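Topology and contacts: notes
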Amino acid sequence: MLGSKLQTLARWLTGLAPGHKALTLLALDGLAVAGAVVILDLVLPGGLPGPVALWAGLLFIGLGALLSLHRMKLRDYQRQGLPRSLAQGLGLLVGLLPMLSGQPRMAQLLLLVGLSVALSLSGRIALLRLALIAHVLARRPQQLLIWGAGRAGQQLAAALAGDEAQRVVGFLDDDARKQGRRLVGLPVHAPSRAGSLVARQRIDRVILALPRHAHGRARQALAGADCEVMTLPGFAARLWGAERAPPDVTRLLGRAGLDRALPEVRESYAGEVVLVTGAGGSIGAELSRQLARLGPARLILLDHSELALYDIARELEGIAPEVSAVLGSVCDAALVTELLQGRRVEVIFHAAAYKHVPLVEDNPLSGLENNVIGTRVLAEAAARAGVGRMILISTDKAVRPTSLMGASKRLAEEVMQDLASRSTATRFAMVRFGNVMGSSGSVVPLFAEQIARGGPVTVTHPEVTRYFMTAAEAVRLTLLAGAYACGGEVFVLDMGAPQKILHLARQMILGAGLTPRDADHPDGEIEIRFTGLRPGEKLEEELLIGDDMLPTPHPRILRAQEAHLSQIEVAAALSDLKRALENRDAAAARAAALLWAGGAVQQSGTGWQVPGGLPPPYAVSPPRLMQGQAGPQH
């Protein structure tokens, strides 16, 4: 009963609104002065006059509010709040001096100030301790099932009997003689009931206290259950702090520390007004972090996701001299024009894009409007506003694209190259690289999540390969490329050798202390399942359209020599695409994008063909083939 009441109180405390917490801290300052006055009366007879004591309390509360002590998080107080509390005490001393002049009163004044600060400080530390205890009490304990009611399973259940964070609710066991009984106070169930038990009792984790050869069958039985599956050694290691660290994928792929070996480019961005579009995304956020440390005059963050924008803007508070968060889309021409001209933007990093291949395949109109039309709107506004540099973040999927996402990014490159050939004030350039480890949608966090849940780890094809680099490395190279931009370049980042995804999956499973299960290893703990290539996906990605490459001042950055569409062809492509978007004609938009991007195109005896055809009234003149850009053979 007492435990239940404590949990109810803890939930109330942890559920307090920020405004109520602020009022509590202001009240604490008032109580600190009241306590100091009481102690003063006991120590020094005569005490303080009532009006002085009241003024002291109000002044102390007001100073605390002025210094934002009531807004400061308790966990930050010990690190950042002490100087403010001392300033609060100093302000109280100065405020009371005119009222308490004379030597006898000075001793009382100093004691009052010292006691008030000490009690306020002690109260905040005590509240922090109470808050931590409340969080522990309010947290729902993890619900565990142990598969295996033998000696090992029973010993684990006994060891966890007094653990407030872990609660064992029962056993699963194949032995019919144990089923229906209670062992160490817990019921034993048949494994056939595993799925219903997990759902009904909201089980968080099933621990396999079984011989290794039985793990595969147990994991298979729990494959559809919404819970984590762990072996007994792995759970014990996590429980007692010896859990094996997750694999260092950067070392695994041979890219550890490369970002730290790259030179700084502070002089290219210091004192500039820099805009990052898509600032809440994986690349946009890392761009913003690194730019914030280079001393820009102002860093402007643009994103259409409120949560993502809020997170990155809050993270960068106090790092850059001035950070502005703008909520909106690059497709909003009025917003973009007002932003570039009103804030006198000098450098743009355009990272706003829909990048997930299957999602763009399923949402062609949104993907093309955001990636192509959004780039055109931003680039044309940059040229009109006289922005110094605009750098487009592109992808290896833009090379001979087979996906709509790749085609949209290739058309975005074409827009940039067309404007670069005609612009005199703005330098337009592109940076092209492959997969970024750890970004949203990347296989690395996906594999880590699948391994934690007991598998299966899904790989599209046993021979699929991809280029990988870290976000920090990709952004540092992008900033370098931006410093080299003269106009019209397609910078290609050296990403090393492509990596086999199947090898990465195996290494991550082994790095987690488990064994992969496939045709060659039927007794492994984590199944590797092949799901087949999704629409638009390639077995291998490429970074270059042609073979001509030029060096840059940095050996890890190359400049591609690639033919591109003429101004007339780009205008025709955008016209076809815009007409299809206005008519909400997904088939025509897809066909136009793939045709003009030089991707899924084939030449037959009767002329140019696009999968699905290009329905009337869309009269598209076939673009000339780019150098080395013949479409894939079907």
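Structural data are supplied above this passage.
These figures come from a predicted structure and were not determined experimentally. Position labels on residues start from 1 in each chain and follow its written sequence. Given that the model is predicted, a residue must reach a pLDDT of at least 70 before its local features are reported, and side-chain atom pairs must reach 80 or more before they are shown or counted; all residues, however, enter totals for whole chains, interfaces and linings. As a convention, hydrogens and water are excluded, and side-chain values are obtained from all of the structure's heavy atoms.

**Quick look at the overall build of the protein chain**
Where helices and strands are cited, they refer to DSSP runs of H or I of at least four residues and of E of at least two residues respectively, numbered from the N terminus. Secondary structure assignment for the protein chain yields 22 helices and 24 strands. Three exposure classes are used, based on accessible area relative to the maximum for each residue type with a 1.4 Å probe and protein chains only: buried under 20%, partly exposed in between, and exposed over 50%. Out of the 634 residues in the protein chain, the part that is buried amounts to 47%. In what follows, a contact means two residues having at least one pair of non-hydrogen atoms within 4.5 Å. At a minimum sequence separation of 6, the contacts of the protein chain that also span at least 24 residues come to 74%. Working note: accessible area of the protein chain is about 29500 Å², and carbon and sulfur atoms make up 56% of it. Surface accessibility in these figures is a Shrake-Rupley result with a 1.4 Å probe; residues are shielded only by whichever protein chains are displayed.

**Some thoughts on the packing of aromatic side chains**
Any two rings among Phe, Tyr and Trp, with Trp reduced to its six-membered ring, count as a pair given centres within 6.5 Å; such a pair is stacked if its planes are under 30 degrees apart, edge-to-face if over 60, and tilted if neither. The full count for this structure, using the stated rule, is one aromatic pair. Seen in terms of ring centroids, Tyr269 and Phe349 are 5.7 Å apart; in terms of plane orientation they differ by 50°. Their pairing is tilted. Of the two residues, Tyr269 is situated in helix α11 (residues 266–269) and Phe349 in strand β10 (residues 347–350); the sequence distance between them amounts to 80 residues. Residue class for Tyr269 comes out buried when judged on its relative accessible area of 0%.

**Considerations on helix α21 (residues 567–582)**
A helix is expected to reach a length of 1.5 Å times the quantity of its residues less one. Taking 1.5 Å per residue as the helical rise, α21 with its 16 residues ought to reach 22 Å, and the 22 Å between its terminal C-alpha atoms agrees with that figure. Where α21 is concerned, the buried positions are Glu569, Val570, Ala573, Leu574, Asp576, Leu577, Ala580 and Leu581. Buried residues of α21, viewed axially, fall in a sector of 160°; they line one side. For α21, exposure combined with an orientation more than 90 degrees from the buried face picks out Ile568 and Glu582. On its buried face, α21 sits against α16 (364–385), α17 (404–422) and α22 (586–596). Positive backbone phi, approximately 55°, marks Arg584, located one or two places after α21. This arc describes the spread of directions from the helix axis toward the C-beta atoms.

**Observations concerning the pairing of strand β4 (residues 186–189)**
Only strands that DSSP links by at least two bridges are regarded as paired with each other. Pairing of strand β2 (residues 166–172) with β4 involves two bridges; the strand directions are parallel. The residue bridging Leu172 from the neighbouring strand is His189, located in β4.

**Things to note about the nonpolar core**
One recurring pattern in soluble globular proteins is that nonpolar side chains are buried together. Counting 54 residues, the largest nonpolar core has Leu275, Leu340, Ile348, Leu378, Met390, Phe428 and Leu577 as the members making the most contacts within it. In this structure, Met390 is in contact with Ile348, His350, Thr375, Leu378, Ala379, Ala382, Met416, Thr426, Arg427, Phe428 and Ala429, ignoring residues within four places of it in sequence. We call a set of buried Ala, Val, Leu, Ile, Met, Phe, Trp, Tyr and Cys residues a nonpolar core when their side-chain atoms join them within 4.5 Å. Of all hydrophobic cores here, the second largest spans 39 residues; its members include Ala279, Leu287, Leu291 and Leu477.

**A look at the sheet that holds strand β20 (residues 526–530)**
An order of β14-β20-β19 is seen for the three strands of this open sheet, with the pairing classed as parallel. Strands with a single pairing partner mark the edges of an open sheet, and in this sheet they are β14 (457–459) and β19 (516–517). Here β14 runs beside β20; their pairing, made up of three bridges, is parallel. Residue pairing in the sheet places Thr458 in a bridge with Arg529 of β20. Axes here mean lines fitted to C-alpha atoms, for a helix over just the part in contact, with angles spanning 0 to 180 degrees between N-to-C directions. Most of the contacts of helix α18 (residues 443–452) go to β14, to which it runs at about 145°, and overall it touches β14 and β20.

**What to know about the sheet that holds β2**
The strand order β3-β4-β2-β1-β5-β6 describes an open sheet built from six strands, whose pairing is mixed. Edge strands, defined here as strands with exactly one partner in the open sheet, are β3 (182–183) and β6 (228–231). In terms of strand pairing, strand β5 (residues 205–208) meets β6 through four bridges, oriented parallel. Across the sheet, residue Val206 finds its bridge partner in β6, namely Val229. Helix α6 (residues 151–159) contacts β1 (142–147), β2, β3, β4 and β5 of the sheet and is inclined by roughly 155° relative to β2.

**Quick notes on the environment of Leu67**
Tracing the sequence through the fold places Leu67 in the loop between α3 (50–66) and α4 (74–96). C-alpha separation for the pair Leu67 and Arg84, spaced 17 residues apart in sequence, amounts to 6.5 Å. Residue contacts for Leu67: discarding those within four places in its chain leaves Arg84, Ala87 and Gln88.

**Details of the pairing of β10**
By the alternation rule, side chains of β10 split into Val347 and Phe349 and Ile348 and His350, which are all buried. Relative to β10, strand β7 (residues 273–277) runs parallel, the two sharing four bridges. Counted as the bridge partner of Leu275 is Ile348 from β10. Here β10 pairs with strand β11 (residues 389–395) via four bridges, running parallel. For Ile348, the partnering residue across the bridge sits in β11 and is Met390.

**Side note on a nonpolar patch on the surface**
Each patch groups residues whose relative accessible area exceeds 30% and which form no salt bridge, using 9 Å between like charges and 5 Å between nonpolar side chains of Val, Leu, Ile, Met, Phe, Trp and Tyr. Salt-bridge detection follows one rule: a side-chain nitrogen of Lys or Arg within 4 Å of a carboxyl oxygen of Asp or Glu. The grouping of Val38, Ile39, Leu42, Val43 and Leu119 at the surface amounts to a nonpolar patch, some 440 Å² of accessible area in total. Ranked by the residues each element gives to the nonpolar patch, the list is headed by helix α2 (residues 18–43), at four residues. On the secondary structure map, Val38 appears in helix α2. Val38 sits in the partly exposed class, given a relative accessible area of 49%.

**Looking at the environment of Leu183**
By the element assignment, Leu183 lies in strand β3. By relative accessible area, which is 11% here, Leu183 ends up buried. In sequence terms Leu183 and Ala157 are 26 residues apart; their C-alpha atoms lie 9.5 Å from each other.

**Here's the deal with the environment of Leu479**
Residue placement: Leu479 occurs in helix α19 (residues 471–484). Residue contacts for Leu479: discarding those within four places in its chain leaves Val265, Tyr269, Leu287, Gln290, Leu291, Leu294 and Phe349.

**A few points about the packing of helix α12 (residues 282–292) against α19**
Running from N to C, α12 and α19 point in directions that differ by 65°, and their axes come no closer than 9 Å. Of the two elements, α12 crosses α19, and the hand of that crossing is right-handed. Contact residues: Ile283, Glu286, Leu287, Gln290 and Leu291 in α12; Ala471, Ala472, Val475, Arg476, Thr478 and Leu479 in α19. When grouped by side-chain class, the residues that make up the contact of α12 with α19 number seven nonpolar, two polar and two charged. Put simply, a crossing is left-handed when the front helix is turned counterclockwise from the back one by less than a right angle, and right-handed when it is turned clockwise. Any residue that is not Ala, Val, Leu, Ile, Met, Phe, Trp, Tyr, Cys, Pro, Asp, Glu, Lys or Arg is counted as polar, Gly included; the first ten are nonpolar and the last four charged.

**A closer look at the side chain of Asp173**
For Asp173, the location among the structural elements is in the loop between β2 and β3. When charges are counted, neither His nor the chain ends are considered; positive counts come from Lys and Arg and negative counts from Asp and Glu. At 4.2 Å, Lys178 is the nearest oppositely charged side chain to Asp173, a buried residue that forms no salt bridge. At 2.6 Å, the side chain of Asp173 and the backbone nitrogen of Ala149 are in polar contact. As used in this structure description, the phrase polar contact means that two N or O atoms lie within 3.5 Å; if the pair is within protein, one of them must be able to donate a hydrogen and the other to accept it, and residues adjacent in sequence are counted only when both atoms belong to side chains.

**Description of the pattern of salt bridges**
Overall, the coordinates contain 16 salt bridges when judged by the stated rule. Put simply, Arg298 and Glu322 hold a salt bridge, and the shortest N to O gap is 3.1 Å. Note that Arg298 is positioned in strand β8 (residues 298–303) and Glu322 in the loop between α13 (306–315) and β9 (323–327), a separation of 24 residues in sequence. In this structure Arg298 comes out as partly exposed when scored by relative accessible area, which is 22%. By relative accessible area, which is 34% here, Glu322 ends up partly exposed. A salt bridge links Asp418 to Arg422, with the nearest nitrogen and oxygen atoms 2.9 Å apart. Linking Asp418 with Arg422, this pair stays in helix α17, spanning four residues, or about one helical turn. Within this structure, Arg410, Glu413, Glu414 and Arg432 form a network of salt bridges that share partners.

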